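# A look at the structure
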Amino acid sequence: MKKVLALIIAVMMLSSLMAGAAFAAEDSADGAAVAVTEWEIPVLSAITGAVSFVGEPAIWAANYAAEMINAEGGIEGVPVKIVAYDTEFDPQKGMQYITQLQDTALFIGGCVAAPVCEAEAQVLYEEHIPNIGSYVSSALNEYAPYICAYMGDSEILDLELCKEWLAAKGYEKLVVFYSPDDTAQAATVERFAKEIPEYVGAVEVPTGTIDCGPLVVQAMNMGADAFWLGCRTDEAAKSCKELVERGAVASGEQIYATFAAMGAGFLEIAGDTAEGTYAYNMLDVDCPTDTWQALYERYQADHNGDVPSYPPIQGFYNMIVALKACYEDLGITGDPAKLMEEREAIAEWLNNSPEIEGCQGTFSWVDGVMQVNPPVVQVQDGAYKVVTME
């Protein structure tokens, strides 16, 4: 009996040692030992509030990425822990978290919402804290190299894709629907007004708008034959429905929704009125990579069968994967005595990164801009189908 008990104890001790070996801290690339027993990565997101439908999936994706990294031994042999901070889509709350973290954080992730990121960017720049969040090119230039965008530059993509659509279809008058509380969308409207001859005006659609009917009437009074929906999912879907039902368009092809409107909610709310409409997304829901397919399956299991269709899912997953590549390439130690030195190194590495393997293939940053080529889709028979604009 004693021999059996001794054998059991020995096996348990061996198992414990093997488990611990998976996270045995390694020397960094420059020979210095990693100074932390756990990489705590603070990540801001609007987990509750008006844009929680994208904020919660973003945090889920960051946690999922950390779980996958930990399953393979962590970063430099040290496990990763995501520490989530809920901004509730409130820039002031986001600033409170940044102030709380600015003296100790090696890196801060998020926020998923542009207004929060705009509020925090100045402090991130002044304190030299590397960050990946929701930014347009003008902000990336102003606060370089400390901020990077977790997805492609919507300001540039909106302009290029809208021009392509207008030219292909021959539309003559364009009205833009946008959320005035989103600085990225406001920047897009300013750029459209300067660079798209067909632009005749914009309609403000505040987040949380219940009745979009009066706003659609406002757009119709401008005599437009093309409508760009830059607002978020709920408001874009309601606007689409009103445009079709009020006879503002003869075909859904006269409506184009940006990535901000993409998601199952758009099709659910707009219903049959979405048929024929165009959109672009920052991710490919049907991406065939093994990593994406595994994420897809897990997301559905954790979200009652919902499809992972929101861009921050890919963006926040890739953010954590990028940190692993960055820390290991640079030999980051997490030593508080090297905080400023390592912040600078991380920021420079991320701002113009090498190619990194993400959940939908390789990605990189050039001057803080995520390099992407988003698919254009059209609603056909109630589902999004990838198409070529012609």
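Rules and cut-offs
- Here the residue index of a chain counts from 1 through its sequence in written order.
- pLDDT decides what is reported in this predicted model: residues at 70 or higher carry local features, side-chain atom pairs at 80 or more are listed and counted, and totals for whole chains, interfaces and linings draw on all residues regardless.
- In computing side-chain values, all of the structure's heavy atoms are included and hydrogens and water are not.
- In this description, the term disulfide denotes a pair of cysteine sulfurs within 2.5 Å.
- The buried label goes to any residue with under 20% of its type's maximum accessible area, the exposed label to any with over 50%, and the partly exposed label to all in between, with areas taken from a 1.4 Å probe on protein chains only.
- In DSSP terms, a helix is any run of H or I states spanning at least four residues, a strand is any run of E spanning at least two, and both are numbered starting from the N terminus.
- In this description, contact between two residues means that some pair of their heavy atoms is separated by no more than 4.5 Å.

### Thoughts on the state of the cysteines
Summed over all chains, the structure comprises zero disulfides. Summary of cysteine pairing: Cys117 is not part of a disulfide, and the nearest cysteine sulfur, belonging to Cys111, is at 5.6 Å. For Cys117, a relative accessible area of 0% puts it in the buried group. A disulfide-free cysteine, Cys359 has its sulfur positioned 7.4 Å from the sulfur of Cys287, the nearest such atom.

### A closer look at unusual backbone geometry
Cis rather than trans, the peptide bond between Gly110 and Cys111 has omega equal to 20°. Mapped onto the elements of the fold, Cys111 is located in the loop between strand 3 (108–109) and helix 4 (114–127). With an omega dihedral of 0°, the bond running from Ala144 to Pro145 counts as a cis peptide bond. Mapped onto the elements, Pro145 comes out in the loop between helix 5 (137–142) and strand 5 (147–149). Although it is not a glycine, Asp381 adopts a positive phi angle of roughly 55°. When you line up the elements, Asp381 lands in the loop between strand 15 (376–380) and strand 16 (383–386). For Asp381, a relative accessible area of 76% translates into the label exposed.

### Structural notes on the environment of Pro312
Looking at where Pro312 falls in the secondary structure, it is placed in helix 12 (residues 311–330). Accessibility expressed as a relative area gives 4% for Pro312, which makes it buried. Separated by 179 residues in the primary sequence, Pro312 and Gly133 place their C-alpha atoms 9.5 Å from one another. Apart from the residues lying within four places of it in its own chain, the contact partners of Pro312 are Val54, Ala58, Ala61, Val112, Tyr150 and Tyr317.

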